[in-house]
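Coordinate inspection notes
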Amino acid sequence: MHNENQPLIFEVSKPGRIGYSLTDLDVPEVDLSALLPDSLVRKEDAALPEVSELDIMRHYTALSNRNHGVDTGFYPLGSCTMKYNPKINEAVARIPGFANIHPLQDESTVQGAMEVAYDLQEHLCEITGMDEVTLQPAAGAHGEWTALMMIRAFHEANGDTGRTKVLVPDSAHGTNPASATVAGFDTVTVNSDENGLVDIEDLKAKVGEDTAALMLTNPNTLGLFEEHIMEMAKIVHGAGGKLYYDGANLNAVMSKARPGDMGFDAVHLNLHKTFTGPHGGGGPGSGPVGVKEDLAAFLPKPILEKNDGVYTFNYDVPQSIGRVKPFYGNFGIYLRAYTYIRSMGPDGLKAVTENAVLNANYMMRRLEPYFDLPYPQHCKHEFVLSGRRQKKLGVRTLDMAKRLLDFGFHPPTVYFPLNVEEGMMIEPTETESKETLDSFIDAMIQIAKEVEENPEIVQEAPHTTVISRLDETKAARKPVLRYTPQTEEELVKA
Ligand SMILES: *Cc1c(COP(=O)(O)O)cnc(C)c1O
């Protein structure tokens, strides 16, 4: 949003000012107008800002200082695992032998990169308890969809064409029903019981011959482990359905329990969550899918294989659902995840899980006296508070989230999951120190006291940020564009 203290880069612009220097042209100049249709050739220079190197560095450094990311502060966004991005990951991703390869290079010249991808698949098989993994999907939701397409192909290959429904608990991540719908299934919601777990009786009532699969997030979005998972697996398999595990946030189970051992047939992981890839605006995602043997024939092609020490892409996969991503997915993210897994080692990954769960429970118990805790049992990597006590005093969860900005914290996920009134979903992750956890807890306690003593300060927050409270959706619905071409002619000009 435009603000007086920080001019737009276009306002800093001065005609003729430049921030680069190029060497003399040492190849023949090409007349583009001879190569392109006239309608596509620019008639005037593009309206780009003209600034010096210092101007542009200062402009973007100043902007970045206003941003909140995992490298600037605590970021307890539940169901998202905004953990740190280890700098060694970046060093490895920048190794020229990796960074400069081209996806169309001959396989014989990129054996090292293929080895990394293959090895990563092996590690992910081990971590999830699955038989095969594809790295192709570009993000978590894409992985969900990929796995559902494989499950559909599996049923069809068995002549089992009446399986049109996917069961999704009401505590599922929103992408689950969306992916099921995009994959052509009808979703059937399974209710939670009063403990926040899947209601087994409701599951029994809804499962049947038309069930293609059950999609489950475990721990669920309340941060609770589905204790009856083995029974649920039996029920769904008994009806001929498949079990799909949403493993976007594996922090709470990694190295402790494996979806494959819980009876699941397919799982996706978010390398940009659990495995430290930059997240959100920070970079592309990666949502590998692992499957058990009986789904493996349907994996997206090509399949990355190792034969006599040579890595190849196998395109001869007759039952494959086809390619789901150009080339072989987001290689830069594999490098980061691979570096993370290898630098942590099995003991390190186990410690990650233990500390993620310990940190969440520590925070939950210290905050319990000040906020409602609808599901008071021990949590896994995250927990959900309710702001309904504060709402009775006229302060909404949104207000408290905004007030946290004044303390320098990114707010937790709010109003999710939907079955918690005024929910605040907090995931500290394993990478934060006790001091950081305590300072966040102190801020939350202070806010709870302010709600009782001085609610206006919370209702009108934030007070210390560059700009005050924004319209929650306007930026997404009505982005401020400096110049919006209206006609094709203007578009060409722009
Ligand atoms: C983030 C998340 C997803 C979706 O992952 P994207 O990479 O954002 O598509 C799915 N399920 C759960 C539980 C998640 O936390």
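Treat the numbers as computed from the prediction; the structure is a model and nothing was measured.

Let's shift gears to the packing of helix α6 (residues 111-128) against helix α12 (residues 331-367). How two helices pack is summed up by the angle between their axes together with the distance between the axes. Between α6 and α12, the shortest axis-to-axis distance is 10 Å and the interhelical angle comes to 45°. Our classification of the angle between α6 and α12 gives oblique. Crossing of α6 over α12 shows left-handed handedness. Residues A113, V116, A117, D119, L120, H123, L124 and I127 of α6 touch α12, and the partners they reach there are F331, Y334, L335, A337, Y338, I341, R342 and L349. Residue composition of the contact of α6 with α12, by class: 13 nonpolar, one polar and two charged.

Here the focus is the pattern of salt bridges. The final tally for this structure, using the stated rule, is 26 salt bridges. For D71, the salt bridge is made with K87, and the minimal N-O distance between the two is 3.1 Å. Linking D71 in the loop between α3 (53-65) and α4 (87-93) with K87 in helix α4, this pair joins segments that are 16 residues apart in sequence. A salt bridge links E90 to R336; the nearest nitrogen and oxygen atoms lie 2.8 Å apart.

Read across the sheet, seven strands follow the order β1-β7-β6-β5-β4-β2-β3 without closing on themselves; strand pairing throughout is mixed. Since the sheet does not close on itself, it has two edges, and those belong to β1 (132-134) and β3 (186-190), each with one partner. Averaged over all pairs of adjacent strands, the angle between strand axes in this sheet comes to 25°, irrespective of strand direction. With three bridges connecting them, strand β6 (residues 266-269) and strand β7 (residues 289-291) associate as antiparallel partners. Its bridge partner being in β7, A266 is matched across the sheet by V291.

As a further point, take the site of the ligand. Neighbouring residues of the ligand: 14 residues in total, closest S79, G140, D246, H272 and K273. In this structure, an oxygen atom belonging to the ligand sits 2.8 Å away from a main-chain N or O atom of A141. Computed on the free molecule, the ligand has an accessible area of 380 Å², of which 87% lies beneath the protein chains in the complex. If one sorts the elements of the shell around the ligand by residue count, helix α7 (residues 140-157) sits on top with three residues. Its residues placed into classes, the shell around the ligand shows three nonpolar, eight polar and three charged.

Turning next to the packing of aromatic side chains. Under the counting rule described, the total for this entry stands at ten aromatic pairs. Each ring, one from F74 and one from F440, has its centre 5.1 Å from the other, and the planes form 70°; the classification is edge-to-face. Of this pair, F74 sits in the loop between α3 and α4 while F440 sits in helix α15 (residues 434-453), and the two are 366 residues apart along the sequence. Between the aromatic rings of F154 and F298, the centroid separation amounts to 6.3 Å while the plane-to-plane angle is 85°, which identifies the pairing as edge-to-face. In this pair, F154 is assigned in helix α7 and F298 in the loop between α11 (293-296) and β8 (303-307), connecting sequence segments 144 residues apart. For the pair F154 and F298, one class covers both residues: buried. Through successive ring pairs, a cluster of aromatic residues spans F74, F409 and F440. Its end group placed over the ring of F185, R152 keeps NZ or CZ at 5.0 Å from the ring centre. Just above the ring of F154 sits the side chain of K242; from NZ or CZ to the centre is 4.3 Å.

According to the domain assignment, the protein chain contains domain 1 (1-66 + 466-494) and domain 2 (78-464). The C-alpha-based centres of domain 1 and domain 2 are spaced at 37 Å. Between domain 1 and domain 2, the residue contacts involve five residues of the former and nine residues of the latter. A buried area of about 440 Å², summed over both sides, lies between domain 1 and domain 2, and 41% of it is on carbon and sulfur atoms. Notably, a salt bridge pairs D399 with R469, separated by 2.8 Å at the nearest N-O pair. Counting every contact that joins domain 1 to domain 2 gives three residue pairs in polar contact (both at pLDDT 80 or more). Of the residues contributing to the side of domain 1 that touches domain 2, the split by class is two nonpolar, one polar and two charged.

This part is about the layout of surface pockets. There is about 630 Å³ of room inside the second largest pocket. Only α5 (96-99), α6 and α12 provide two or more residues apiece to the lining of the second largest pocket. Of the residues forming the lining of the second largest pocket, the biggest block, five residues, is contributed by α12. Classifying every residue of the lining of the second largest pocket by side-chain character gives 19 nonpolar, four polar and five charged.

Below, the discussion takes up empty space enclosed by the protein. Per the counting criterion, the structure on display carries three cavities of 30 Å³ or more. Reported here for the largest cavity is a volume of approximately 40 Å³. Along the walls of the largest cavity sit S79, T217, P219, N220, T221, D246, A248, N249, H381 and E382, which together make up its complete lining. Looking at the lining of the largest cavity residue by residue, the classes come out as two nonpolar, six polar and two charged. By volume, the second largest cavity amounts to about 40 Å³.

So, how was this worked out
- Residues numbered from 1 in each chain as written.
- Predicted model: local features only at pLDDT ≥ 70, side-chain atom pairs only at ≥ 80, totals over all residues.
- Heavy atoms only, no water.
- Axes fitted to C-alpha atoms, helices over the stretch in contact; angles between N-to-C directions.
- Helix = DSSP H or I, 4+ residues; strand = E, 2+ residues; numbered from the N terminus.
- Parallel < 35°, antiparallel > 145°, perpendicular 65-115°, else oblique.
- Left-handed = near helix turned anticlockwise from the far one by under 90°.
- Contact = heavy atoms within 4.5 Å.
- Nonpolar A, V, L, I, M, F, W, Y, C, P; charged D, E, K, R; others polar.
- Salt bridge = Lys/Arg side-chain N within 4 Å of Asp/Glu carboxyl O.
- Pairing = 2+ DSSP bridges.
- Near = heavy atom within 4 Å.
- Polar contact = N/O pair within 3.5 Å; in protein donor to acceptor, adjacent residues only side chain to side chain.
- Areas by Shrake-Rupley, 256 points an atom, 1.4 Å probe, with all protein chains shown as cover.
- Phe/Tyr/Trp six-rings, centres within 6.5 Å; stacked < 30°, edge-to-face > 60°.
- Buried < 20%, exposed > 50% of the residue type's maximum accessible area, 1.4 Å probe, protein only.
- Lys NZ or Arg CZ within 6 Å of the ring centre and 35° of its normal.
- Domains from an automatic or database assignment.
- Buried area = accessible area lost by both parts, 1.4 Å probe.
- 1 Å grid on protein atoms, 1.4 Å probe; cavity = no way out; pocket = protein on both sides within 12 Å on 5 of 7 lines; lining within 4 Å.
- Points joined across faces, edges and corners; volume = space filled by probe spheres on them.

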